[in-house]
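Structural description and commentary
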Amino acid sequence: IIGDPVEHSLSPAMYNRAYEALGIDDEFVFIGARVKIEDVKDVVRAVKVMGIRGLTCTIPHKVEIMKYLDKKYIDPVALKIGAVNTIVNDNGVLKGFNTDWQGVLAPLEKEIDLEGKSVAILGAGGVARAMAYAVSSRGAFFTVFNRTLEKAEDLSRDFGGQARSYKDIAC
C-alpha cells in the first residue's frame, strides 16, 4: 500500500495475518510505503519492472495514480467514482479498480435495504465519492455535508444527491 501518510493503515497487519491463515505467507507479503505524490509515476513503473502482483493506494494517491494507468484497463466503476485504490498487475498490464464502494455497501446491506432510504455522507473526498456511488447504485437518496459547500455540490451533482454545509448539521 502506498500513501502519504501511510502509517495509519492497518492493511499490512490484516493482509499478512490473512496470508498466514491461508498458508501462503511464504508467497506473499503486504507492506506499506510512504510515497510522495510526485513519485507515484515511478512507483507504477516499478510495479511493472519488478513484477509486483498488486498495489493498493490510500490518500492522496487514489486519483493521481489513474494518470499512469491505461484508461482501457480501469474498471468502469472506478472511472465513475474517479479513484483507484486497487491495482492488479496482470503480466505487465496494470488494471485499476475501486473497492471502497463495496466496503461501504457490504455492511450497510447486512442491516438495511437502501432502496428509497436517506443517507448522510460527511465529507466530500475520495471515500465520500465511493459512498455516494454505492448508496445511489442501490436507490438511496443522499446528502453530502462538507466544510466546503462547492465540493459537496460537485460530488452531489456527479451522483444525483444534495449538498449542504457542515453548518447545516443539527446536533
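Residues numbered from 1 in each chain as written. Predicted model: local features only at pLDDT ≥ 70, side-chain atom pairs only at ≥ 80, totals over all residues. Heavy atoms only, no water.

Ranked by size, the top nonpolar core spans 23 residues in total, and within it I81, W101, V119, I121, F142, V144 and L155 carry the most contacts. Secondary-structure elements contributing two or more residues to this core are α4 (76-81), α5 (100-111), β6 (118-122), α6 (126-137), β7 (141-146) and α7 (149-159). Residue contributions to this core peak at 6 residues, all from α6. Leave out the neighbours within four places in its chain, and V119 touches L114, V135, A140, F141, F142 and T143. Judged by nonpolar contacts, the second largest core, of 16 residues, contains I2, V35, I65 and I87. (Core = buried A, V, L, I, M, F, W, Y, C linked by side-chain atoms within 4.5 Å. Buried < 20%, exposed > 50% of the residue type's maximum accessible area, 1.4 Å probe, protein only. Helix = DSSP H or I, 4+ residues; strand = E, 2+ residues; numbered from the N terminus. Contact = heavy atoms within 4.5 Å.)

Now for the packing of α6 against α7. Across the interface, α6 lies against α7 with an axial gap of 10 Å and an inter-helix angle of 30°. Classed by the angle they form, the pair α6 and α7 counts as roughly parallel. The two elements α6 and α7 meet at a crossing, and its hand is right-handed. Counting all contacts with α6, which are made through A128, R129, A132, Y133 and S136, the residues of α7 involved are L155, D158 and F159. Looking at the contact of α6 with α7, its residues break down into 5 nonpolar, 1 polar and 2 charged. (Axes fitted to C-alpha atoms, helices over the stretch in contact; angles between N-to-C directions. Parallel < 35°, antiparallel > 145°, perpendicular 65-115°, else oblique. Left-handed = near helix turned anticlockwise from the far one by under 90°. Nonpolar A, V, L, I, M, F, W, Y, C, P; charged D, E, K, R; others polar.)

The next subject is a negative patch on the surface. On the surface, E20, D25, D26 and E27 cluster together into a negatively charged patch. For D26, a relative accessible area of 66% corresponds to the exposed category. (Patch = residues over 30% accessible without salt bridge, like charges linked within 9 Å, V, L, I, M, F, W, Y side chains within 5 Å. Areas by Shrake-Rupley, 256 points an atom, 1.4 Å probe, with all protein chains shown as cover. Salt bridge = Lys/Arg side-chain N within 4 Å of Asp/Glu carboxyl O. Lys, Arg positive; Asp, Glu negative; His and termini not counted. Charge placed at Lys NZ, Arg CZ, Asp CG, Glu CD.)

Attention now moves to the sheet that holds β7. With parallel pairing, 3 strands are arranged side by side in an open sheet as β6-β7-β8. The open sheet terminates on both sides in strands that have one partner only, identified here as β6 and β8 (162-165). Averaged over all pairs of adjacent strands, the angle between strand axes in this sheet comes to 25°, irrespective of strand direction. (Pairing = 2+ DSSP bridges.)

Any functional reading would require information that these geometric values do not contain.
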